[in-house]
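So the chains spell out like this:
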Amino acid sequence: MRSDVDIWLEEIAERVLREVGIRESHAVLDFSCGSGHYAVPAARIVGEKGRVYALDKSRISLYKVAKRAKSEKLKNIHMINTSGELKIPLEDESIDVTLLYDVIHSHYFSVTSRRELLSEIYRISKYNALISVYPKHIDLEDIKYEIEKENFHFAGKLFKTLLHNRSLTQDYLLNFQRR
Ligand SMILES: C[S@@+](CC[C@H](N)C(=O)[O-])C[C@H]1O[C@@H](n2cnc3c(N)ncnc32)[C@H](O)[C@@H]1O
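Description of the structure in this document. The structure presented is a predicted model; accordingly, all values stated were derived computationally and were not measured.

Focus on the overall build of the protein
Part 1 of the argument: Scanning the protein from N- to C-terminus turns up five helices and seven strands.
Part 2 of the argument: For the protein, the N- to C-terminal ordering of α and β elements is α-β-α-β-α-β-β-α-β-α-β-β.
Part 3 of the argument: Computed over the C-alpha atoms, the radius of gyration of the protein is 15 Å, within 12% of the 16 Å expected from 2.2 N^0.38 for a compact globule of 179 residues.
Part 4 of the argument: Along the first, second and third principal axes, the C-alpha atoms of the protein reach 45 × 35 × 30 Å.
Part 5 of the argument: Here the protein, with 179 residues, has 51% of them falling under the buried criterion.
Part 6 of the argument: The long-range share in the protein, meaning contacts at least 24 apart out of those at least 6 apart in sequence, stands at 73%.
Part 7 of the argument: Total accessible area on the protein stands at roughly 9,200 Å², and carbon and sulfur atoms take up 46% of it.
Part 8 of the argument: Measuring between centres, the 28 positive side-chain charges of the protein sit 4 Å from its 26 negative side-chain charges.

Encoded structure:
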């Protein structure tokens, strides 16, 4: 029997990420990419002219991303293995889309470190870039308020089929635009 991960990667993910706003030739940062369940389909969408930066502090997770990228012959995913620091090793105003999926919550970040992270994301984002947030384990209105305070304009709430903890689920995403 096919797993939810297989169904997600083979049938659902690309459509959902296009609806989120990822396009061909975009530079995408998947901050805290985990095993790459979003980074890999994003790389298929952006194509040869685009690039996906898959950033995580877990080397094992990045190994899984690299393995999947290799099996799909995707050459446009660049792994960034950090030690969990909030400084992102990317140029100012170089990114079209940042994904913050199931990471921006108190399990990983305090309110202060979230503010620091958002300011880094602001720095690396192009003018009008998209920041898409999958707000798990946190109140939607609270995180919306925090992100708007850091100079991002709320661009919409989407209800989508998503993958969470290797299971398909229906959930909300919040999209923001860098001012
Ligand atoms: C729950 S997983 C979500 C993975 C992926 N975004 C998804 O939705 O499938 C959270 C990930 O965040 C990573 N992470 C947590 N804090 C981090 C930090 N400060 N810097 C980089 N990665 C971090 C963890 O290693 C883990 O892979």
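Some points on helix α5 (residues 140–149)
Part 1 of the argument: For α5, the complete set of buried residues consists of Ile-143, Lys-144, Glu-146 and Ile-147. Each buried residue of α5 lies within a common arc of 165° when the element is viewed along its axis, so the set occupies one face. Along α5, exposed side chains directed more than 90 degrees from the buried face belong to Tyr-145 and Lys-149.
Part 2 of the argument: Contact partners of the buried residues in α5: α4 (111–124), β5 (125–134), β6 (152–164) and β7 (167–178).
Part 3 of the argument: Where α5 starts, the residue carrying a side-chain oxygen 3.1 Å from the main-chain nitrogen of Glu-141 turns out to be Asp-139.
Part 4 of the argument: Of the residues flanking the end of α5, it is Asn-151, one or two places downstream, whose phi is positive at about 80°.

Section: the nonpolar core
Part 1 of the argument: Core analysis: the biggest nonpolar cluster contains 34 residues, and Trp-8, Ile-22, Tyr-38, Ile-77 and Tyr-101 have the highest contact counts within it.
Part 2 of the argument: For this core, the elements supplying multiple residues, two or more each, are α1 (4–20), α2 (39–46), β2 (51–56), α3 (59–71), β4 (95–101), β5 and β6.
Part 3 of the argument: With eight residues, the top contributor of residues to this core is α1.
Part 4 of the argument: Look past the residues within four positions of Tyr-38 in its chain and what remains in contact with it is Trp-8, Leu-17, Asp-30, Leu-99, Tyr-101, Tyr-134, Leu-162 and Leu-163.
Part 5 of the argument: Counting 26 residues, the second largest nonpolar core, distinct from the first, contains Ala-27, Ile-88, Ile-104 and Val-133.

So, the packing of aromatic side chains
Part 1 of the argument: This structure, assessed with the given rule, holds seven aromatic pairs.
Part 2 of the argument: Ring plane angle 70° and centroid distance 5.7 Å describe the contact between Tyr-122 and Phe-152, whose orientation is recorded as edge-to-face. A residue pair is termed long-range when its members are at least 10 positions apart, and Tyr-122 in helix α4 and Phe-152 in strand β6 qualify at 30 residues.
Part 3 of the argument: A relative accessible area of 22% means that Tyr-122 is categorised as partly exposed.
Part 4 of the argument: By relative accessible area, which is 0% here, Phe-152 ends up buried.
Part 5 of the argument: Ring centres of Phe-159 and Tyr-172 lie 4.9 Å apart, and the angle between their planes is 50°; on these two criteria the pair is classed as tilted. Of this pair, Phe-159 sits in strand β6 while Tyr-172 is found in strand β7, placing the two residues 13 residues apart along the sequence.
Part 6 of the argument: Judged by its relative accessible area of 33%, Tyr-172 is partly exposed.

Structural notes on the sheet that holds β5
Part 1 of the argument: Taken together, seven strands build an open sheet; the order of strands is β3-β2-β1-β4-β5-β7-β6 and the sheet is mixed. Whereas interior strands pair on both sides, the edge strands pair on one side only; in this sheet they are β3 (77–81) and β6. Sheet twist, expressed as the average angle between the axes of neighbouring strands with direction ignored, equals 20°.
Part 2 of the argument: As defined by bridge partners, β4 adjoins β5 across six bridges and the pair is classed as parallel. Its bridge partner lying in β5, Leu-99 is registered against Ser-132.
Part 3 of the argument: Packed onto the sheet, α2 meets β1 (27–31), β2 and β3 and runs at close to 165° relative to β2.
Part 4 of the argument: Sheet contacts for α3: β2 and β3; angle to β3, the most-contacted strand, approximately 170°.

Cut-off values and rules
- Residues numbered from 1 in each chain as written.
- Predicted model: local features only at pLDDT ≥ 70, side-chain atom pairs only at ≥ 80, totals over all residues.
- Heavy atoms only, no water.
- Helix = DSSP H or I, 4+ residues; strand = E, 2+ residues; numbered from the N terminus.
- Rg over C-alpha atoms; globule rule 2.2 N^0.38 Å.
- Buried < 20%, exposed > 50% of the residue type's maximum accessible area, 1.4 Å probe, protein only.
- Contact = heavy atoms within 4.5 Å.
- Areas by Shrake-Rupley, 256 points an atom, 1.4 Å probe, with all protein chains shown as cover.
- Lys, Arg positive; Asp, Glu negative; His and termini not counted.
- Charge placed at Lys NZ, Arg CZ, Asp CG, Glu CD.
- Arc of directions from axis to C-beta.
- Polar contact = N/O pair within 3.5 Å; in protein donor to acceptor, adjacent residues only side chain to side chain.
- Core = buried A, V, L, I, M, F, W, Y, C linked by side-chain atoms within 4.5 Å.
- Phe/Tyr/Trp six-rings, centres within 6.5 Å; stacked < 30°, edge-to-face > 60°.
- Pairing = 2+ DSSP bridges.
- Axes fitted to C-alpha atoms, helices over the stretch in contact; angles between N-to-C directions.

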